[in-house]
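# Geometric and topological summary
Single-letter residue listing:
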Amino acid sequence: MSLTGKHVLSSDLFDREELERLFVLADLLTPVARGRKATRVLEGAVMASLFFEASTRTRLSCESAFLRLGGGVVNSTGPEIMSIAKGESYADTSRVVSGYCDLLVVRHPEETAVHEFAAATNVPVINGGNGAGEHPTQALLDMYTLHREFARTGRGLDNRRIALVGDLRYGRTVHSLMKLITLYENLTIVCVSPAHLGMPAALLESAERRGHRIELSDSPQTALKDADLVYATRLQTERFAGQPTPYSDEFRIDKALVSRVCRDDTVIMHPLPRNSRPGSNDLAADLNSDPRLAIFRQTDAGIPIRMALFVSVLGAAEAVPDSLRRVAWYRPEYTGPDDAPFYRNTAG
Ligand code: ASP
């Protein structure tokens, strides 16, 4: 399968072979992501990022990835500053912006909008998050992180116990992640959520059809035991339109809970942002110095894997190896003060 020229609207697009090809390409591009090598492989190409909803990581990391590939970026954020506020359709906006760029990244609160953008253009559209639907590039970075974290401790992605925790109904990252993780073999997937925030049935059924075991739980206290991965998520309050949403403090993933129920090699991830307001019952900051917490390695992984996706969609992957060159500027050896043990002897 070739990704060249494809729209990336759902994780359904990828199979295991394609995923692993992207991991290899991301490894190759990691020194570029870390500012230790440079490439101009996408010189002259332009990416447009159109974000109709809040974003920190997805927009900035897509733009940074494209810039580090030697491309250029134009962007617009928020419907209020675009002509959509004057009544322009998504189709017209998409067709117009496509004439200005070679790839679009679109985030929109309505699940169908990215599909309308894609239908109106031959220029590849990347879904940067569509309402409570999907977030395929987040799932790519989650899988790439997990592959690296498990590899460091001698584990592969098959035969694992995976706990997905929190708002599994509206959390689009876990929807895309379910589709990618179930490309692997023989998993036990524990979906841990209050009953009203459960994983959509279609995703559970499809995981079972692929031969995986599904367990449902509303208690992190018991369900996280023996997990290889704990993937925590934020309550998606923006999807509730002011309705009260019961969410007990059992869903606070903190040091006390992790030391009581998790193994020494459990990997703890979260797509971020985590809600750090008092009483938010999200992933707690008291885990920050715990080496099992992979959240910043996860955000770092967003650059090389998105670079790998962009060069693949633009048909330039084969040109990457010969395009890499040394850089002349200063960059600290490790980005975060606690990074050394995780990046020692690796590409960065
Ligand atoms: N940043 C992720 C997203 O856009 C996760 C979240 O917002 O909770 O879906």
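Rules behind the numbers
Residues numbered from 1 in each chain as written. Predicted model: local features only at pLDDT ≥ 70, side-chain atom pairs only at ≥ 80, totals over all residues. Heavy atoms only, no water. Buried < 20%, exposed > 50% of the residue type's maximum accessible area, 1.4 Å probe, protein only. Helix = DSSP H or I, 4+ residues; strand = E, 2+ residues; numbered from the N terminus. Pairing = 2+ DSSP bridges. Right-handed = clockwise from strand over helix to strand, strands pointing away. Contact = heavy atoms within 4.5 Å. Near = heavy atom within 4 Å. Polar contact = N/O pair within 3.5 Å; in protein donor to acceptor, adjacent residues only side chain to side chain. Areas by Shrake-Rupley, 256 points an atom, 1.4 Å probe, with all protein chains shown as cover. 1 Å grid on protein atoms, 1.4 Å probe; cavity = no way out; pocket = protein on both sides within 12 Å on 5 of 7 lines; lining within 4 Å. Sits in = over half its atoms within 2 Å of the grid points. Points joined across faces, edges and corners; volume = space filled by probe spheres on them. Nonpolar A, V, L, I, M, F, W, Y, C, P; charged D, E, K, R; others polar. Axes fitted to C-alpha atoms, helices over the stretch in contact; angles between N-to-C directions. Phe/Tyr/Trp six-rings, centres within 6.5 Å; stacked < 30°, edge-to-face > 60°. Lys NZ or Arg CZ within 6 Å of the ring centre and 35° of its normal.

## Section: the pairing of strand E7 (residues 188-192)
When you tally the buried positions in E7, you get five out of five residues, the bulk of the element. Across the two faces of E7 the burial is the same, with Thr188, Val190 and Val192 and Ile189 and Cys191 all buried. Sheet topology note: the strand E6 (residues 161-165)/E7 ladder contains five bridges and is parallel. Residue pairing in the sheet places Ala163 in a bridge with Val190 of E7. This β-α-β element, E6 to helix H6 (residues 172-181) to E7, shows right-handed connectivity. Sheet analysis places E7 next to strand E8 (residues 213-217), joined by five bridges and oriented parallel. In the strand pairing of E8, Cys191 is matched with Leu216. After leaving E7, the chain enters helix H7 (residues 201-209) and then returns to the sheet as E8, a path that is right-handed.

## Let's talk about the side chain of Gln298
Its location among the elements puts Gln298 in helix H10 (residues 295-313). Not counting residues within four places of it along the chain, the set of residues in contact with Gln298 comprises Gln138, Leu141, Asp142, Thr145, Tyr231, Met269, His270 and Pro271.

## Structural notes on the site of the ligand
The environment of the ligand is made up of Arg107, His135, Arg172, Thr173, Arg234, Gln236, Leu272 and Pro273. Taking Arg107, its side chain carries an N or O atom lying 3.1 Å from an oxygen atom of the ligand. Between the ligand and the protein, one listed contact pairs a nitrogen atom with a backbone N or O atom of Leu272 at 2.9 Å. In isolation the ligand exposes 260 Å². Once the protein is present, 92% of that is buried. Given that more than half its atoms are within 2 Å of the pocket grid, the ligand belongs to the largest pocket.

## Observations concerning empty space enclosed by the protein
For the structure on display, the rule yields one cavity of 30 Å³ or more. Lining the largest cavity are Val165, Gly166, Ala232, Thr233, Tyr247, Phe251, Ile253, Asn281, Asp282 and Leu283. A breakdown of the residues in the lining of the largest cavity according to their chemical character gives six nonpolar, three polar and one charged.

## Let's talk about the sheet that holds strand E2 (residues 46-51)
As summarised here, the arrangement of the four strands in space is E3-E2-E4-E5, forming an open sheet in which the pairing is parallel. Strands at the two margins of the open sheet, each flanked by one partner only, are strand E3 (72-77) and strand E5 (125-130). The average undirected angle you get between the axes of adjacent strands in this sheet is 15°. Pairing analysis gives four bridges linking strand E4 (residues 103-108) to E5, with the strands arranged parallel. Residue pairing in the sheet places Val106 in a bridge with Asn127 of E5.

## Comments concerning the packing of aromatic side chains
Considering all chains together, one arrives at five aromatic pairs under this definition. Geometrically, the ring pair formed by Phe23 and Tyr144 is tilted, given 5.7 Å between the ring centres and 35° between the ring planes. With Phe23 in helix H1 (residues 16-33) and Tyr144 in helix H5 (residues 136-152), this pair connects stretches of sequence that are 121 residues apart. Considered together, Phe23 and Tyr144 belong to a single accessibility category, that of buried residues. Judged by centre distance (5.0 Å) and plane angle (75°), the ring pair of Tyr170 and Phe240 falls under edge-to-face. Linking Tyr170 in the loop between E6 and H6 with Phe240 in the loop between strand E9 (229-232) and helix H9 (255-261), this pair joins segments that are 70 residues apart in sequence. Each member of the aromatic cluster is reached from another via a ring pair, and the members are Phe52, Tyr90 and Phe117. The positively charged end of Arg297 is found above the aromatic ring belonging to Phe342, 3.5 Å away from the centroid.

## Quick word on the sheet that holds E9
Here we have five strands laid out as an open sheet, ordered E8-E7-E6-E9-E10, and parallel in their pairing. Of all the strands in the sheet, the pair left with one neighbour each is E8 and strand E10 (267-269). Sheet twist, expressed as the mean angle between neighbouring strand axes with direction ignored, is 15°. Contacts from H6 reach E6, E7, E8 and E9 within the one sheet, and its direction differs from that of E6 by about 165°.

## So, unusual backbone geometry
The amide bond that connects Leu272 to the next residue, Pro273, takes the cis arrangement and shows omega of 5°. Looking at the secondary structure, you find Pro273 in the loop between E10 and H10. A positive phi angle, near 60°, is found at Asn159, a position not held by glycine. By the secondary structure assignment, Asn159 is in the loop between H5 and E6. Given a relative accessible area of 48%, Asn159 falls into the partly exposed group.

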